[in-house]
Amino acid sequence: MPPDPLSAASSAPLAATPTGGDGVGSTAAPAAVEEEVLFLRISLGEEVVGEVRTRFRFDAARPYEVLLTFHLGRPDEADWVFSRELLRDGLRTLSGQGDVKLWPAYCPCHGATLHLALESPHGSALLEASKPRVQAWLDRTYALVSEHQERRCGPTDADLAALLADG
């Protein structure tokens, strides 16, 4: 089996790509945090394990969401959207129900991992990511928009009550 790209040491920093601001020399906060190339191991059957190139993306304008894009080598990329809170909780304990479930694990070959179980009408997948890399990426998202700031971004309970009362 080829060397594990998830746990391989690298002198380069993680491929975090902040976007936004007004160009070179900008002091504006980045609008997004991306992990450009993260290879996740994917279980394709009982004995078949492959890798899929994946991008995690967080946009400060939508602080509740994490976008996970699978680059499958086709024009139509597979996107999954789930809550940042679900990812945070999944790094600590079993989290989620239905289409997305996450949980931490330890593998003697790969160390600390995060398992992602995805279900759709088109099939299911069990993926494994480097927990330290995902945690580092998630920490960068919280540096951009804290949990406290996130709570202030959405509608308040009063806003929701008024919306439902008008319906």
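For every chain, the first residue of the written sequence is number 1, and numbering continues from 1 onward in sequence order. Where local features are concerned, this predicted model is filtered to residues with pLDDT of at least 70; where side-chain atom pairs are given and counted, the filter is 80 or more; whole-chain, interface and lining totals use all residues. Only hydrogens and water are removed before side-chain values are computed, so all heavy atoms of the structure are retained for them.

Quick look at the layout of surface pockets now. Taken as a whole, the largest pocket encloses approximately 310 Å³ of empty space. A cavity here means a set of 1 Å grid points, computed over protein atoms only, where a 1.4 Å probe fits but cannot escape. A pocket is an open set with protein on both sides within 12 Å along at least 5 of 7 lines, and lining residues have an atom within 4 Å of a point. Taken together, 14 residues form the lining of the largest pocket, with F70, L72, A78, W80 and A125 sitting closest to its centre. Within the residue set of the lining of the largest pocket, elements represented by two or more residues are strand 4 (78-83), strand 7 (111-120) and strand 8 (123-130). Residues are grouped as follows: Ala, Val, Leu, Ile, Met, Phe, Trp, Tyr, Cys and Pro are nonpolar; Asp, Glu, Lys and Arg are charged; all remaining types, including Gly, are polar. For the lining of the largest pocket, the class distribution of residues is nine nonpolar, four polar and one charged. Grid points are joined across faces, edges and corners, and a volume is the space filled by probe spheres set on the points. Strands here are runs of E lasting at least two residues and helices are runs of H or I lasting at least four, both read from the DSSP assignment and numbered beginning at the N terminus.

Along the chain, Y64 falls in the loop between strand 2 (49-59) and strand 3 (65-71). Distance in space between the C-alpha atoms of Y64 and R84 is 5.6 Å, their sequence separation being 20 residues.

This paragraph deals with the state of the cysteines. The criterion for a disulfide is a pair of cysteine sulfur atoms lying within 2.5 Å. Going through the model one piece at a time under the given rule, you end up with zero disulfides. With no disulfide of its own, C107 lies closest to C109 among cysteine sulfurs, the gap being 4.6 Å.

What follows deals with the packing of aromatic side chains. Under the pairing criterion, centres of Phe, Tyr and Trp rings, with the six-membered ring standing for Trp, must be within 6.5 Å; the plane angle then separates stacked pairs below 30 degrees from edge-to-face pairs above 60, leaving the rest tilted. Going through the model one piece at a time under the given rule, you end up with one aromatic pair. Taking 5.4 Å as the distance between ring centres and 55° as the angle between the ring planes, the aromatic pair formed by F56 and W137 counts as tilted. Separated by 81 residues along the polypeptide, F56 in strand 2 and W137 in helix 2 (residues 131-144) bring together distant segments of the chain. The same class applies to F56 and to W137, which are both buried. Above the plane of the ring of Y142 lies R84, whose end atom (NZ or CZ) is 3.8 Å from the centre. Exposure is judged per residue with a 1.4 Å probe applied to protein chains only, and the accessible area is read against the type maximum: over 50% gives exposed, under 20% gives buried, and values in between give partly exposed. Should the NZ of a Lys or the CZ of an Arg lie within 6 Å of a ring centre and within 35 degrees of the ring normal, that charge is described as sitting over the ring.

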